[in-house]
Each structure stands twice: as C-alpha cells, then as structure tokens.
Amino acid sequence: MSAQTVATVEGTPVAVEEVDAAEARLRAGPHAAALPARGTSEGRQLRRWLTQLLVTDRVVAAEVTARGLSVRGAPAEAELLPDVTARLEIGSVAAAALADPRARALFADVTATVRVGDREVADYHARNPLRFAALRPDRDGWRAPSCAGPPLEQVRSAITEHLCAAARRRAFRLWLDERRAALVELAPGYEHPGDPRQPDNTHRH
C-alpha cells in the first residue's frame, strides 16, 4: 500500500486526497468551529472516521451492484433512523452511510428476513408495561403518562415494530462490520478510530 493510499477496498486504493477533500468540506461547513484542530490526536481521529465513511461508501456500492439492487422503493432515512437513539444503536458511520438511498436499499435487502418472536414481544411488554401506554389528560388539561399499562394485545403491533426496527439496525451494523473486515485493508495511521492498537485511541478524563 503506497504512502498516498489510506486504504484498499477489494484491492482498489482509496487515495489520501479523498480524505483531504472530505475534511476540507467539513472545515468549510457550518460546524467547522466544533471540529478538532489539524495535527492533534482528535484531528487524526477525525481523519480516521472520514476514512471509514469513504471505505463504507465503496463497500455499499460494491454490494448494491453485486446484488443488482435499485434505489427505487428504498425506505426513507427517517424510517430507518427515526431518532437519536436509533443513530446511536447503529453507529455513526453506518448512520452517515444511510443518508445514501443505495445504502438504504441495501439495508432493506440485508435485513429482509429479520423477525421478532411472540415471546420477545411478551417479555418486552412485561419489562416495560408503560412504554406504549397512551397519554391521559390531567386535571390541568395537560397530557400525562398513564399509571396503568395497556394489555399486551393492545400494544402488540407497536412493540413488534419497535423491536423489529432495533433488530434490523443491529443486523445491518453487524453485517456491515463483517463486510468491511472482509473487503477493506487500512493503512497505518488510518486504522478504525476505535481500534485499541492505534495510539490515538486513548481514554482521557
């Protein structure tokens, strides 16, 4: 791997200039003030993260082509990542990738067979009886959480949808991790930001 290559994806190089360009776009954007300074440990971690975005985009493109997928009918980003919790569950790189309709079409294909069973739904309801309880009006006219949990049959579909969405995000994240491990080789200095072997992955207080 040459000094100007940050990674290869199926043997195809990703040039350092691509990371430079991605970083330049960020530093020219509205959140530039929040970015770490160049040359610092945090700045190097930012470049590692940008490298992950670039190689993930290549992996997604290769898989979409191999599977013959179309973006037509791909789910909306808000459908797959409805809130901050969902983005945290799937991880920042996968969440960023899902801004691309190709990645969302791939998500739908990879997770098409993911299901949750009746026992999982019942167990979730037993642990979280008020999770899907309807709000009730209080004496001041505000809507307050219910004190009594609804019966399982009343909220079964909502719980099933909730658990299925979380299971699909988990399945896609694990699948994507496996495909990157199989297809991507990273150059020294551009390791995954979370790799404990690289010197900038240190926990500080």
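Residues numbered from 1 in each chain as written. Predicted model: local features only at pLDDT ≥ 70, side-chain atom pairs only at ≥ 80, totals over all residues. Heavy atoms only, no water.

Labelled according to an unreviewed UniProt entry, the protein appears under the name Malonyl CoA-ACP transacylase, originating from Mycobacterium florentinum.

**A short note on the sheet that holds strand β1 (residues 5–9)**
As a reminder of what qualifies: We call two strands paired when DSSP finds no fewer than two bridges between them. The numbering of helices and of strands both runs from the N terminus, where a helix is a DSSP run of H or I of at least 4 residues and a strand a run of E of at least 2. Between the N-to-C directions of two axes lies an angle of 0 to 180 degrees, each axis being a line fitted to C-alpha atoms and, for a helix, fitted only over the stretch in contact. By the convention used here, residues are in contact when the closest approach between their heavy atoms is within 4.5 Å.
Taken in spatial order, the three strands of this open sheet run β2-β1-β5, and their pairing is antiparallel. With one partner strand each, in any of the chains shown, β2 (12–15) and β5 (184–186) form the two edges of the open sheet. For this sheet the average axis-to-axis angle between neighbouring strands, irrespective of direction, equals 25°. Packing of helix α1 (residues 16–27) onto the sheet brings it into contact with β1 and β2, and relative to β2 it is tilted by some 40°.

**Overview of the packing of aromatic side chains**
The condition that has to hold: The criterion for an aromatic pair is that two Phe, Tyr or Trp rings (for Trp, the six-membered ring) have centres within 6.5 Å, with stacked assigned to planes under 30 degrees apart, edge-to-face to planes over 60 apart and tilted to the rest. Using a 1.4 Å probe on the protein chains alone, a residue whose accessible area is under 20% of its type maximum counts as buried, one over 50% counts as exposed, and one in between counts as partly exposed. Lysine and arginine charges are scored as sitting over a ring when NZ or CZ, respectively, is within 6 Å of the ring centre and within 35 degrees of the ring normal.
Summed over all chains, the structure comprises two aromatic pairs. Look at Phe 107 and Phe 172: their rings are 5.0 Å apart centre to centre, the planes differ by 50°, and that puts the pair in the tilted class. Residue Phe 107 is found in helix α6 (residues 101–110), and its partner Phe 172 is found in helix α8 (residues 152–183); the two are separated by 65 residues along the sequence. When sorted by exposure, Phe 107 lands in the same class as Phe 172, which is buried. Both rings, one in Phe 172 and one in Trp 175, keep their centres 5.9 Å apart while their planes meet at 25°; by these two values the pair is stacked. Placement of both Phe 172 and Trp 175 in helix α8 is noted, with a separation of three residues, approximately one turn of the helix. Residues Phe 172 and Trp 175 agree in their burial class; the two are buried. Chaining the aromatic ring pairs together yields one cluster made of Phe 107, Phe 172 and Trp 175. One cation-aromatic arrangement involves Arg 131 over Phe 132; the distance from NZ or CZ to the ring centre is 4.6 Å.

**Topic: the pattern of salt bridges**
Inclusion rule: Put simply, a salt bridge is a Lys or Arg side-chain nitrogen that is within 4 Å of an Asp or Glu carboxyl oxygen.
Tallied over the entire structure, the rule returns 20 salt bridges. A salt bridge links Arg 179 to Glu 63; the nearest nitrogen and oxygen atoms lie 2.7 Å apart. Placement of the pair is Arg 179 in helix α8 and Glu 63 in helix α2 (residues 41–67), with a sequence separation of 116 residues. Given the relative accessible area of 25%, Arg 179 is considered partly exposed.

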